[in-house]
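# Structural overview for review
So you can see what is in the structure, the chains are spelled out below.
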Amino acid sequence: MRFLLDAEQRAFADSLDAMLRAADTPSVVRDWSRGDHGGGRALWSRIAKAGVFALAVPEAYEGMGPRPVELAVGFIELGRHAVPGPLVETVAAAALLAELADPLPGGRLLPSLASGEMSATLALDGAYALDGDAATTRLVLSADALRLAPGHGPVRTSLDPARRLTPLSPGGELLSAAPPVAHALGWARLATAAQALGVGLALLDRTVAYVRQRTQFGVPVGSFQAVKHRLADAKIALEFARPLLFGAALTMAPADVAAAKVTACEAAYATARTALQLHGAIGYTAEYDLSLWLAKARALRTAWGTPAECRAEVLSGGDRRW
């Protein structure tokens with residue numbers, strides 16, 4: 001099945017792409033990795049003004065959603081430009097708060113999440129939270145409670161230096177005794193899949209450009225048949241993930257979302273391996289911008305569900321419960 005974006009969706013993607021190209025995101029990512037959040041917060045506000053976070057917030061709470069297809073379009077661009085921050089977590093938190101039986105927590109937090117005035121991180125009980133030091137709202141989710149964490153512990157590094165992990169402080173205000181965990185997980189996986197697809201597309205574009213200019217034996221490396229085959233395999237994997245992503249955004253069925261997540265993340269990871277091999281030694285240097293996307297592809301592969309967990313969800317038909 002072919003999923004073609006309409007004119008409004010294409011314009012949305014193009015506007016985000018243009019804005020992020022002008023933002024020098026590699027510099028923002030490196031600052032964020034060092035704990036300097038100034039540039040990242042400024043970029044966050046611009047992304048929010050473009051309406052990205054409002055797509056997960058219902059109109060009753062000053063949002064434009066829920067609109068999962070448009071959210072997927074936006075997150076592809078965020079991944080393509082390696083934007084740092086708790087992007088997925090803010091979306092998952094917004095979707096979760098909008099579904100609570102008690103509307104008071106949502107009424108208090110959702111308008112600020114939609115506008116970008118606030119950012120959120122969301123962690124399963126006992127797990128590390130992403131960017132707990134930068135997020136203004138920290139939520140801890142378990143099967144029988146959603147709490148507003150009062151603080152966070154020390155920052156820990158991860159596979160991706162721009163993904164800073166922190167434990168969240170126990171206790172805190174109880175927002176719900178029966179939170180819709182599966183609903184939040186679905187939105188988190190959808191956004192992660194879209195972000196990973198964008199990362200993979202960026203890696204492919206950068207690698208194609210590199211092998212066209214790198215030469216061996218007096219000819220571009222990209223003219224070698226073996227190189228063409230590797231790039232073609234990466235392209236096919238990414239393009240196969242695209243309809244699964246948009247199909248999942250239309251249904252939001254747990255099995256469909258899990259399939260999109262594992263397919264997009266595995267395609268991005270395979271593209272990262274190809275990009276690293278074809279760049280050669282320079283691909284291993286942290287100073288080279290390619291490393292920002294390589295690290296993100298590795299980290300997103302297991303975020304919000306490992307490949308094994310997502311495949312189990314698909315095989316169960318979405319009947320598994322967290």
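The structure we're discussing is the one just above.
The rules we used
- Residues numbered from 1 in each chain as written.
- Predicted model: local features only at pLDDT ≥ 70, side-chain atom pairs only at ≥ 80, totals over all residues.
- Heavy atoms only, no water.
- Helix = DSSP H or I, 4+ residues; strand = E, 2+ residues; numbered from the N terminus.
- Rg over C-alpha atoms; globule rule 2.2 N^0.38 Å.
- Buried < 20%, exposed > 50% of the residue type's maximum accessible area, 1.4 Å probe, protein only.
- Pairing = 2+ DSSP bridges.
- Axes fitted to C-alpha atoms, helices over the stretch in contact; angles between N-to-C directions.
- Contact = heavy atoms within 4.5 Å.
- Salt bridge = Lys/Arg side-chain N within 4 Å of Asp/Glu carboxyl O.
- Phe/Tyr/Trp six-rings, centres within 6.5 Å; stacked < 30°, edge-to-face > 60°.
- Lys NZ or Arg CZ within 6 Å of the ring centre and 35° of its normal.

### What to know about the overall build of the protein
Across its full length, the protein holds 11 helices and eight strands. Relative to a compact globule of 322 residues, whose C-alpha radius of gyration would be 20 Å, the protein shows 19 Å and is just as compact. Projected onto the principal axes, the alpha-carbon positions of the protein cover approximately 65 × 45 × 35 Å. Looking at the protein as a whole, 55% of its 322 residues are labelled buried.

### Let's talk about the sheet that holds strand S1 (residues 120-124)
Taken in spatial order, the four strands of this open sheet run S1-S3-S4-S6, and their pairing is mixed. For this open sheet the edge positions go to S1 and strand S6 (173-176), each flanked by a neighbour on one side alone. Going from strand to strand, the sheet's axes swing by 30 degrees on average, the running direction of each strand aside. Of the pairings in the sheet, the one linking strand S3 (residues 137-142) to strand S4 (residues 145-148) comprises four bridges and is antiparallel in character. For Val140, the partnering residue across the bridge sits in S4 and is Arg147. Most of the contacts of helix H6 (residues 103-115) go to S6, to which it runs at about 90 degrees, and overall it touches S1, S3, S4 and S6.

### Thoughts on unusual backbone geometry
Note that the residue after Gly65, namely Pro66, is joined by a cis bond; omega there is 0 degrees. As for its placement among the helices and strands, Pro66 is situated in the loop between helix H3 (38-49) and helix H4 (68-80). Although it is not a glycine, Met252 sits at a positive phi angle of roughly 55 degrees. Within the fold, Met252 resides in the loop between helix H8 (225-251) and helix H9 (254-279). Overall, Met252 belongs to the partly exposed group, its relative accessible area being 24%.

### Some details on the pattern of salt bridges
Across all of its chains, the model carries 14 salt bridges by this definition. In this structure, Arg80 engages Asp205 in a salt bridge whose closest nitrogen and oxygen atoms are separated by 3.8 Å. Residue Arg80 is located in helix H4, and its partner Asp205 is located in helix H7 (residues 181-213); the two are separated by 125 residues in the primary sequence. Take Asp205: its relative accessible area is 48%, and that puts it in the partly exposed class. A salt bridge links Arg164 to Asp133, with the nearest nitrogen and oxygen atoms 2.9 Å apart. Placement of the pair is Arg164 in the loop between S4 and strand S5 (165-166) and Asp133 in the loop between strand S2 (129-130) and S3, with a sequence separation of 31 residues. By the burial criterion, Arg164 is buried, and Asp133 matches it. Residues joined in a network through salt bridges with shared partners are Glu77, Arg80 and Asp205.

### Re the packing of aromatic side chains
Considering all chains together, one arrives at one aromatic pair under this definition. Ring plane angle 20 degrees and centroid distance 4.5 Å describe the contact between Trp44 and Phe53, whose orientation is recorded as stacked. Here Trp44 falls in the buried class, since its relative accessible area comes to 6%. Owing to a relative accessible area of 2%, Phe53 belongs among the buried residues under this scheme. The residue whose ring lies beneath Arg206 is Trp293, and the NZ or CZ to ring-centre distance is 4.1 Å. The ring of Tyr269 has Arg301 sitting right over it, with the charged end atom 4.4 Å from the ring centre.

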